[in-house]
Amino acid sequence: MRSCVTCGKEFDPGGSAVRKYCGKRCKPSGRIAGSVNKRSWVEKLGGQDGWKCWLCELPVDPSLYWPHRWAGSVDHVVHVSNGGTDERSNLRLAHLTCNVSRKNANDAHQP
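Okay, so let's go over this structure. For clarity, every value in this text was computed on a predicted model and none was experimentally measured. (Residues numbered from 1 in each chain as written. Predicted model: local features only at pLDDT ≥ 70, side-chain atom pairs only at ≥ 80, totals over all residues. Heavy atoms only, no water.)

1. Topic: the packing of aromatic side chains
What characterises a pair of aromatic rings is the spacing of the ring centres plus the angle enclosed by the ring planes.
Here is step 1: All chains considered together, the criterion is met by zero aromatic pairs.
Here is step 2: Sitting over the ring of Tyr-65, Arg-39 keeps its end group 3.9 Å from the ring centre. (Phe/Tyr/Trp six-rings, centres within 6.5 Å; stacked < 30°, edge-to-face > 60°. Lys NZ or Arg CZ within 6 Å of the ring centre and 35° of its normal.)

2. Considering the pattern of salt bridges
Here is step 1: Under the counting rule described, the total for this entry stands at three salt bridges.
Here is step 2: Between Arg-39 and Glu-43 there is a salt bridge whose closest N-O contact spans 3.1 Å. A residue pair is termed a helical-turn pair when its members lie 3 or 4 positions apart in one helix, as Arg-39 and Glu-43 do in helix α1 (residues 39–49) at four residues.
Here is step 3: You can call Arg-39 partly exposed: its relative accessible area is 21%. (Salt bridge = Lys/Arg side-chain N within 4 Å of Asp/Glu carboxyl O. Helix = DSSP H or I, 4+ residues; strand = E, 2+ residues; numbered from the N terminus. Buried < 20%, exposed > 50% of the residue type's maximum accessible area, 1.4 Å probe, protein only.)

3. Comments concerning the side chain of Thr-85
Here is step 1: The topology assignment puts Thr-85 in the loop between β3 (72–76) and β4 (91–95).
Here is step 2: Note on Thr-85: relative accessible area 12%, which makes it buried.
Here is step 3: Within the local environment of Thr-85, its side chain forms a polar contact with the backbone nitrogen of Glu-87, the two atoms lying 3.2 Å apart. (Polar contact = N/O pair within 3.5 Å; in protein donor to acceptor, adjacent residues only side chain to side chain.)

Shape descriptors only; they carry no functional weight alone.
Pasting the structure below:
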């Protein structure tokens, strides 16, 4: 059992080591205006992270666009489904193929 960081209510986080909220009402959305999956966020992360995939550490070609498998995409370090948010500190640039192959299985991969 764990205490919700918002309301203090005890809840069962299931198998999640990072879940901090008892439910949707207590979890802040952390949503950035618009969507982090827009091209503008890929370009912002690319500029800040040096156009390098945080997962495979190979260069990301800024001239490639979704749905090209090697295009840049926005990846969540801790997935939203596991309690992560769209805050900048939880976002990294990744190749689309690296991001998709990661799914929810590798939240332990921290920079």
